[in-house]
Structures are given as structure tokens and as C-alpha cells.
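Spelled out from the first residue to the last, the chains are:
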Amino acid sequence: MTPRSKRILGKSIVVTIIAIVATFGLSFTARIALNMPIDWLSWVECTLIPILIGMPVGAYIFAQSETIQDTCDKLEKSYTALRESHDRLAFVTSHDPMTGLLSRGGFMARMDRKRDEDEYDTLLLIDPDHFSLFNDKHGHSKGDEALVRIAKALVYQTRPGDSVGRLGGEEFGVLLRGVRKEQATTIAENIRRLVEAMPWTKGQQDDVKVTVSIGGAEIPPDADTQDVLRTARRCLSEAKQRGRNRVSFGYEAVGLRVATP
């Protein structure tokens, strides 16, 4: 006998016993009140009727209850699996598979958030310098490894409330929430210095040094996202033109100048 059948049988027996006791109580009380005799037939009726009627009805009701409960349990499991699949799909569609950072779409959604009056964010665009040369010397697998390490540096230098994304290819974006230009410049410099200080390859004297150029722009409450991106990209382009390995905000570049091949 299965556990389900045992539960149904056990519940049916309990209900039937209760029905027998109730039948005896009602029947004998009525007979005493009406001065009717209590003979052996009364005992048989009070015993058999609840068994013949209550037992099958109880078993049917409890079987239906078990079926409904099983269905509810299956629905709950299906809902949980569907929710987990949805969460995984949402993560995959909004994150870059190689670095684990936000994808371009996920990052842009964070940029488009509604800001309160006098609330400013700052956008940083980060791009590795001479990255094609690094790929040519060390291969694309090392290039991917370098991008992952840059991504980790960005996460390390930002706060939990900030957003870090890979905007495409080798370009990264950082959204510093509630941060103005002055503080953002310091954060960008820390990112630049951390990437520059990283050891990239071993055992080679002609290694390509990986550095990054960073362009930034403030995001006021009523800003247009595309305008902010264009401003930050112009600053990034200026940092590249001024020698790379530097930070540029509002066409004012700071940082170390490196030789341009």
C-alpha cells in the first residue's frame, strides 16, 4: 500500500469512527426521549450505516483532497522552476557572458533611471590602450583574460550601488551613482592606476603594457542619455589623442602620458 493510500485509509477510518459515535449518540438519545426500545437492531444500524455510507464517501473526499494537493504541489514546483528560469534568462540577457558585467542594454537601462532634482550621476567610459597590439602579441585568449581582469578592477574600485558594464568589444562603462565630477575624477584615476599596475604576462621582456584611457561626463537630472554618451566619448577620444593612459573630463586631461607608437 502506497503512502497516499495509507493516508486516505487512515483519515477515512477516523471519520467513520467519529460518525459511528455520533450516530450512536443521536440515535440512542432520540430513542430514550421517545421511550423507544434499544434492541440489537439499533446497535447494528448505528454501526453498519456509518461504515457503509461514511467510509466510501470519506475515502472519495480524501482521495480528491490528495489529488488536489498533489496538483498544487506540482504547480508550486513548476512555478518555482519557471521563476528560476526567468531569473537566469533575465541575468543572461542583461549581463555579458565573459566578464559577468552588465551588457550594453542592461547598462543603458541603469543610465536611464529617473533622478531627483539636484541629483547627479557620473558616467565613465573606459577603453584599453593599444589593445589590438596586445592581442597580436599574446593571442585573443590572453586578450579576453585581460578584459576580464580589467572588469574585476572596475568592480573593485566602485561601490555596490554603482553600475559596471561592458558596452561592446573592449569598451567598458561605469555609472557612479550620486557622484559629481570631482569625486568621479579621483575614482577614474584610481581605476587607471590599478590597471596600469597590474602584472599581465610573465617571462617576456617585450610585453605590451596594458593601460586604459578614461573619459567622463556628469549626468544631471534632466540629461539626455545619448548626449551624455557623446560627451563622455569625446572626452575618451581626447584622452587617446593626448597620449593615452589618462583621464579626461570636459576636455581637461589628467594622468600620465605614454608614448604613442
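The text that follows walks through the structure, step by step, so that each part is easy to find. Residue positions are given per chain, counting from 1 as you read along its sequence in written order. Since the coordinates come from a predicted model, pLDDT governs what is reported: local features require at least 70, and pairs of side-chain atoms require 80 or more to be given and counted, while whole-chain, interface and lining totals use all residues. Here the side-chain values reflect all heavy atoms present in the structure, with hydrogen atoms and water set aside.

With that settled, consider the pairing of strand β1 (residues 121-128). Residue exposure (1.4 Å probe, protein chains only): buried if accessible area is under 20% of the type maximum, exposed if over 50%, otherwise partly exposed. Strands here mean DSSP runs of E at least two residues long; helices mean DSSP runs of H or I at least four residues long; both are numbered from the N terminus. Within β1, 8 of the 8 residues are buried, which leaves it mostly tucked inside the rest of the structure. With burial as the criterion, each face of β1 is covered, one bearing Asp 121, Leu 123, Leu 125 and Asp 127 and the other bearing Thr 122, Leu 124, Ile 126 and Pro 128. For β1 and strand β4 (residues 212-219), the ladder comprises 8 bridges, and the chain directions are antiparallel. Paired with Asp 121 across the bridge in β4 is Ile 219. Only when DSSP finds a minimum of two bridges between them are two strands counted as paired. In this structure, β1 lies alongside strand β3 (residues 171-176), joined through 5 bridges in antiparallel fashion. When the sheet's bridge partners are listed, Leu 125 is paired in β3 with Gly 173.

Comment: phi is negative for the bulk of residues other than glycine, and the bulk of peptide bonds are trans. Look at Asp 118: it is not a glycine, yet its phi comes out positive at around 70 degrees. With respect to the helices, strands and loops of the structure, Asp 118 is situated in the loop between α3 (104-111) and β1. We classify Asp 118 as exposed; its relative accessible area is 66%. The backbone phi angle of His 130 is positive, close to 50 degrees, even though this residue is not glycine.

So, on to the packing of α3 against helix α7 (residues 225-241). Orientation of α3 relative to α7, taken along the N-to-C sense of each, is 110 degrees, at an axis distance of 10 Å. In terms of axis orientation, α3 runs roughly perpendicular to α7. Handedness of the crossing formed by α3 with α7: right-handed. The segment α3 lies against α7, with Arg 104, Met 108 and Met 111 engaging Thr 225, Gln 226, Val 228 and Leu 229. Polarity classes work like this: nonpolar for Ala, Val, Leu, Ile, Met, Phe, Trp, Tyr, Cys and Pro, charged for Asp, Glu, Lys and Arg, and polar for all others, with Gly in that last group. Residues that form the contact of α3 with α7 fall into these classes: 4 nonpolar, 2 polar and 1 charged. For helices, the axis comes from a line fit to the C-alpha atoms of the stretch in contact; other axes are also lines fit to C-alpha atoms, and the angle between any two N-to-C directions lies between 0 and 180 degrees. These descriptions rest on fixed angle ranges, namely under 35 degrees for roughly parallel, over 145 for roughly antiparallel, 65 to 115 for roughly perpendicular, and the rest for oblique. Note: crossing handedness is left-handed where the near helix turns anticlockwise from the far helix by less than a right angle, and right-handed where it turns clockwise. Should any heavy atoms of two residues lie within 4.5 Å, those residues are considered in contact.

What makes a salt bridge here is a side-chain nitrogen of Lys or Arg within 4 Å of a carboxyl oxygen of Asp or Glu, nothing more. All chains considered together, the criterion is met by 16 salt bridges. Its salt-bridge partner being Asp 96, residue Arg 166 comes within 3.3 Å of it at the nearest N-O pair. Here the residue Arg 166 occupies a position in strand β2 (residues 163-168), and Asp 96 occupies one in the loop between α2 (40-94) and α3, the gap between them amounting to 70 residues. When sorted by exposure, Arg 166 lands in the same class as Asp 96, which is buried. Asp 129 is the partner of Lys 240 in a salt bridge, and the nearest nitrogen-oxygen pair spans 2.8 Å. One end of the pair, Lys 240, is in helix α7; the other, Asp 129, is in the loop between β1 and α4 (131-138), with 111 residues separating them in the sequence.

A few words on α3. Every buried residue of α3 is accounted for by Gly 106, Phe 107, Met 108 and Met 111. Residues of α3 that are buried in the fold lie against α2, β1, β2, β3, β4 and α7.

A regular strand places its side chains on the two faces of the sheet in alternate fashion. What you see with strand β5 (residues 246-249) is no split at all: Arg 246 and Ser 248 on one side and Val 247 and Phe 249 on the other are buried throughout. Alignment of β4 against β5, held across 3 bridges, turns out to be parallel. What sits directly across from Ile 214, in β5, is Val 247. Note on handedness: a clockwise path from strand one over the helix to strand two, with the strands aimed away from the viewer, defines a right-handed crossover. The parallel pair β4 and β5 is bridged by α7, and the resulting crossover is left-handed.

Glancing now at a nonpolar patch on the surface. Here a patch means residues that are over 30% exposed by relative accessible area and free of salt bridges, tied together within 9 Å if like-charged and within 5 Å if nonpolar (Val, Leu, Ile, Met, Phe, Trp, Tyr). We get accessible surface area from the Shrake-Rupley algorithm with a probe of 1.4 Å; when it comes to residues, only the shown protein chains can shield them. On the surface, Trp 40, Leu 41, Val 44, Leu 48, Ile 49, Ile 51, Leu 52, Ile 53, Val 57, Tyr 60 and Ile 61 cluster together to form a nonpolar patch covering roughly 1,100 Å² of accessible area. On the secondary structure map, Ile 61 appears in helix α2.

So, on to the side chain of Ser 12. On the secondary structure map, Ser 12 appears in helix α1 (residues 3-33). Judged by its relative accessible area of 1%, Ser 12 falls in the buried class. Discounting residues that sit within four places of it in the chain, Ser 12 has contacts with Met 55, Gly 58, Ala 59 and Phe 62.

You can see Ser 163 is positioned in strand β2. Separated by 40 residues in the primary sequence, Ser 163 and Leu 123 have C-alpha atoms spaced 9.6 Å apart. When neighbours within four sequence positions are excluded, Ser 163 is seen to be in contact with Leu 102, Phe 107, Arg 110, Gly 173, Val 174 and Leu 175. The term polar contact refers here to a pair of N or O atoms within 3.5 Å; inside protein, the definition further demands a hydrogen-donor-capable atom paired with an acceptor-capable atom, and it admits residues adjacent in sequence only when both atoms are side-chain atoms. Separated by 3.0 Å, the side chains of Ser 163 and Arg 110 make a polar contact.

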